[in-house]
Amino acid sequence: MGMRIEDDGTFGWGLSVGALDFAARGTWMQRGDTIVFRSVPEPVRPEFEVLSVGRSTSEAMVEIVWAGSEQSFRYATITVDCGQGIRLRRNAVEGHWSPAAGECPEPVSLLVDEEMHDAASPALNLSGLGWSEGDTVRIAFQPNDLRLTSFTGLEGTLDGDILTIEGWRWPLQLKKVD
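These notes cover the structure that comes with them. Predicted, not measured: the structure shown is a model, and the values here were computed from it. (Residues numbered from 1 in each chain as written. Predicted model: local features only at pLDDT ≥ 70, side-chain atom pairs only at ≥ 80, totals over all residues. Heavy atoms only, no water.)

### Structural notes on the nonpolar core
Put simply, the rule reads: Among buried residues, the Ala, Val, Leu, Ile, Met, Phe, Trp, Tyr and Cys ones that are joined through side-chain atoms within 4.5 Å form a nonpolar core. A 1.4 Å probe rolled over the protein chains alone gives each residue an accessible area, and that area as a share of the maximum for its type sets the label: buried under 20%, exposed over 50%, partly exposed in between. Under the DSSP-based scheme used, a helix requires at least four consecutive residues in state H or I and a strand at least two consecutive residues in state E, with every element numbered from the N terminus. Note on contacts: a residue pair qualifies if any of its non-hydrogen atoms lie within 4.5 Å across the two residues.
In terms of nonpolar packing, the biggest core is built from 23 residues, with Phe 48, Ile 64, Ile 78, Val 80, Leu 110, Val 112 and Ile 139 touching the most fellow members. Listed by contribution, the elements that provide at least two residues to this core are strand E6 (62–66), strand E7 (77–81), strand E10 (109–114) and strand E13 (136–142). The element contributing the most residues to this core is E13, with three residues. Here Val 112 is in contact with Phe 48, Ile 64, Ala 76, Thr 77, Ile 78, Ala 119, Ala 120, Ser 121 and Ile 139, once residues within four sequence places are set aside. With 16 residues, the next largest nonpolar core counts Trp 13, Phe 37, Leu 163 and Ile 165 among its residues.

What follows is the structure, given as C-alpha cells:
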C-alpha cells in the first residue's frame, strides 16, 4: 500500500493484496488537524444488470457473464428468497447456479452480489421479470471502475509520521517517507 500526497492538493493511493487491487486519486485539503479527501473523478461502481429472462441451453436458474462477452463471471454470490421463509445464499462458482431439487420451493426474488468490490444488483422480483420455472435469468457484470475506490469524504489525521485514514473498509495507516 502506498500514497502520494502532493503539494498541489492532489493525491494518489494504491493497495495490492494478492489478486486484489484498489486505487484512488483525487484532491485533498487540510481542515484543522484533519485531512479531507475527495475522489476526482468519482469512480463508477461496478454493477449487475439483467440481460434476459427465458429458456437457456444451460438450464441454470441464474447465469452471470462479463458485460459485452459470453465469458462466465465466476465471483458472484446469489441470494434467493424461496418463499416459506427459506432464503438461500450460494456462490456461483462456475458463473451459473440452480437450486437442488426441492431446495427452493417457490422462488420469489434474487439478488446477485460480489462483496470484494461492493457490487450488488437490486433485489430482482422474479415474477416481475416474467420468470417461470425452467427459465434462466441472465445477468451481466459491468465492471465500470472496478479497481477504483472512492475516497470522497474520508478523513485522515497525522500523528507524527503516521497518517490514519478512517471510513474506508478498514482503517488505513501509512507511514510518512521522504
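### Some points on the side chain of Thr 136
As a reminder of what qualifies: We define a polar contact as two N or O atoms separated by no more than 3.5 Å, with the added condition that, inside protein, one atom must be a possible hydrogen donor and the other a possible acceptor, whereas residues neighbouring each other in sequence contribute only through side-chain atom pairs.
By secondary structure assignment, the location of Thr 136 is in strand E13. A polar atom in the side chain of Thr 136 sits 2.5 Å from the backbone oxygen of Ala 60.

### Focus on the pairing of strand E3 (residues 20–31)
Here is the rule: For two strands to pair, DSSP has to find at least two bridges joining them.
Where strand E2 (residues 10–17) lies against E3, eight bridges are found, and the strand directions are antiparallel. Paired with Ser 16 across the strands is Asp 21, a residue of E3. Here E2 hands over to E3 after two residues, with Gly 18 in that stretch at a positive phi of 60 degrees. In this structure, E3 lies alongside strand E4 (residues 34–39), joined through six bridges in antiparallel fashion. Residue pairing across strands places Trp 28 opposite Phe 37, the latter belonging to E4.

### Some remarks on the layout of surface pockets
Quick note on the threshold: Using a 1 Å grid laid over the protein atoms alone, points where a 1.4 Å probe fits but cannot get out form a cavity; open sets with protein on both sides within 12 Å along at least 5 of 7 lines form a pocket; any residue with an atom within 4 Å of a point counts as lining. Grid points are joined across faces, edges and corners, and a volume is the space filled by probe spheres set on the points.
Considering only enclosed or pocket space, the largest pocket measures out at about 550 Å³ in volume. Lining the largest pocket are 19 residues, and of these Met 3, Arg 4, Ile 5, Lys 176 and Val 177 sit closest to its centre. Every element with two or more residues in the lining of the largest pocket is listed here: strand E1 (2–5), E3, strand E15 (162–166) and strand E16 (172–175). The element that contributes the greatest number of residues to the lining of the largest pocket is E1, accounting for four residues.

### What about the environment of Asn 125?
Among the structural elements, Asn 125 can be located in strand E12 (residues 124–125). Remark: the alpha-carbon pair of Asn 125 and Leu 111, spanning 14 residues in sequence, is separated by 9.1 Å. Not counting residues within four places of it along the chain, the set of residues in contact with Asn 125 comprises Val 108 and Ser 109. Within polar-contact distance, the side chain of Asn 125 engages the side chain of Ser 127 at 2.8 Å.

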